[in-house]
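Given next are the chains, with one letter for each unit.
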Amino acid sequence: MKILCGALAVFSALVAVPGTARAVVPAGGMSAPIWYAAASDCAKDPRDAAWCGPWWYRTTDGKRHPLSGAGRWSDAVAVSGDGRRLTYIRAKDARLVVRDLDGRTRVSQAKAWPSKSELDVTRVTMSYDGSLVAVDCCWAGFTDHPARVYDAATGALLGKVPGVSVHEDALSFSGDGDQILVRTDDDKSGRLSVHDLNGKRTTSVVPPRLIGDNASTAALNADGRTVAVYVTGRKPKIALYDLENGLVTATFSVPASGQKVERDPAEGRIAEVDTDVRLDWTGDSTLRMVRKVGFKLVLVKVYGIDVATESVLLERAYAIAGTTEEAVSGL
């Protein structure tokens, strides 16, 4: 089965584009996996972000590679959790591009999003292994188009999920890629919905506030019922929630981010400042947590988590300097 912090209309078939990606693949082997994709920042003021030039990406061997043509807006680029594939919306014709480490670059035959006026607020999301791509858009209530889910290898449109917006909601894939988890802000505590790959909703619950308030990081286990979230605050933790019985089944601490915390006026809770977290299930009882903190100097830490033993292990840490946008993998 396919597997998991917008683009495509009729993404019918992907066609190979010779030459472009092959230049970054060493002769006789695969390129190193991708750490992150980024857009450089020209502004000297640490709070005055200014886009500078095209997107680029860095691989785990330390090399920097160009990514010209990607849309110059937030969330136009996504990297798979395993670092072996990236995708982006191409600015000149709004088509989706999928790039693999073996040198293949594929371009959709149709536009990435039906409405040209909405392109600069679309979001692209990839599953952990890069086999699935989700595309959504806009503020709640300001788009007529549902989120779209595609098979990244074939370009087939798998389904559409209504009511998902970039600025209020979150969308992710289950650990085995069979289901889609959506958090919408319809209720005071948010709502969690599970959809199959055709877009059909199979589960819909309003979880307790501990889960709903932190569900922007929600990750659905392959069992289809266990949801993990990162609980922000002075003492952050991981919480597990059972969609079927409606119970929080576990909470355990993770290392503090070191960021200052303040009250979020919109959510009415204490949250870490300039902190972005990605959670992925990498096994039946294992999670990958990637936490970005900071603004001009972004510090990234990658943790392996065993929920059965509540073990949290720091696997690696690195810094990204001088960027205004970043899309990180789980490496």
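Up top is the structure these notes are about.
Conventions used here
Residues numbered from 1 in each chain as written. Predicted model: local features only at pLDDT ≥ 70, side-chain atom pairs only at ≥ 80, totals over all residues. Heavy atoms only, no water. Pairing = 2+ DSSP bridges. Helix = DSSP H or I, 4+ residues; strand = E, 2+ residues; numbered from the N terminus. Axes fitted to C-alpha atoms, helices over the stretch in contact; angles between N-to-C directions. Buried < 20%, exposed > 50% of the residue type's maximum accessible area, 1.4 Å probe, protein only. Contact = heavy atoms within 4.5 Å. Polar contact = N/O pair within 3.5 Å; in protein donor to acceptor, adjacent residues only side chain to side chain.

A. Spotlight on the sheet that holds strand β15 (residues 191-196). Pairing in this open sheet of four strands is antiparallel, and the strands run β13-β14-β15-β16 from one edge to the other. Strand pairing shows two members of the sheet lacking a second neighbour, β13 (170-173) and β16 (201-205), which therefore form its edges. Sheet twist, expressed as the mean angle between neighbouring strand axes with direction ignored, is 15 degrees. Here β15 pairs with β16 via four bridges, running antiparallel. Bridge pairing links His195 to Arg201 in β16.

B. Broad picture of the pairing of strand β2 (residues 34-41). With seven of its eight residues buried, β2 lies for the most part within the structure. Summarising the sheet, β2 and strand β3 (residues 51-59) pair through seven bridges and their orientation is antiparallel. When the bridges of β3 are listed, Ala37 appears paired with Tyr57. Where β2 meets strand β27 (residues 323-328), five bridges bridge the pair, whose relative direction is antiparallel. Paired with Ala37 across the two strands is Ala327, which belongs to β27.

C. The arrangement of the environment of Asp242 in detail. Inspection of the secondary structure assignment puts Asp242 in strand β19 (residues 237-242). When the C-alpha positions of Asp242 and Thr226 are compared, they lie 4.9 Å apart, and in sequence the two are 16 residues distant. Not counting residues up to four positions away in its chain, the partners in contact with Asp242 are Arg225, Leu247 and Thr249. Here the side chain of Asp242 touches Arg225 through a polar contact of 2.7 Å, side chain to side chain.

D. The side chain of Thr324, seen in detail. Note that Thr324 resides in strand β27. Sequence-distant contacts of Thr324, that is, excluding residues within four places in its chain, are made with Ala39, Ser40, Asp41, Ala49, Ala50 and Trp51.

E. The arrangement of unusual backbone geometry in detail. The phi angle at Ala94 is positive, at roughly 60 degrees, despite the residue not being glycine. Within the element layout of this structure, Ala94 appears in the loop between β6 (85-89) and β7 (95-100). Since its relative accessible area comes to 6%, Ala94 is described here as buried. A positive phi angle is found at Glu310, which is not glycine, with a value near 60 degrees. Position of Glu310 among the secondary structure elements: in the loop between β25 (297-306) and β26 (311-321).

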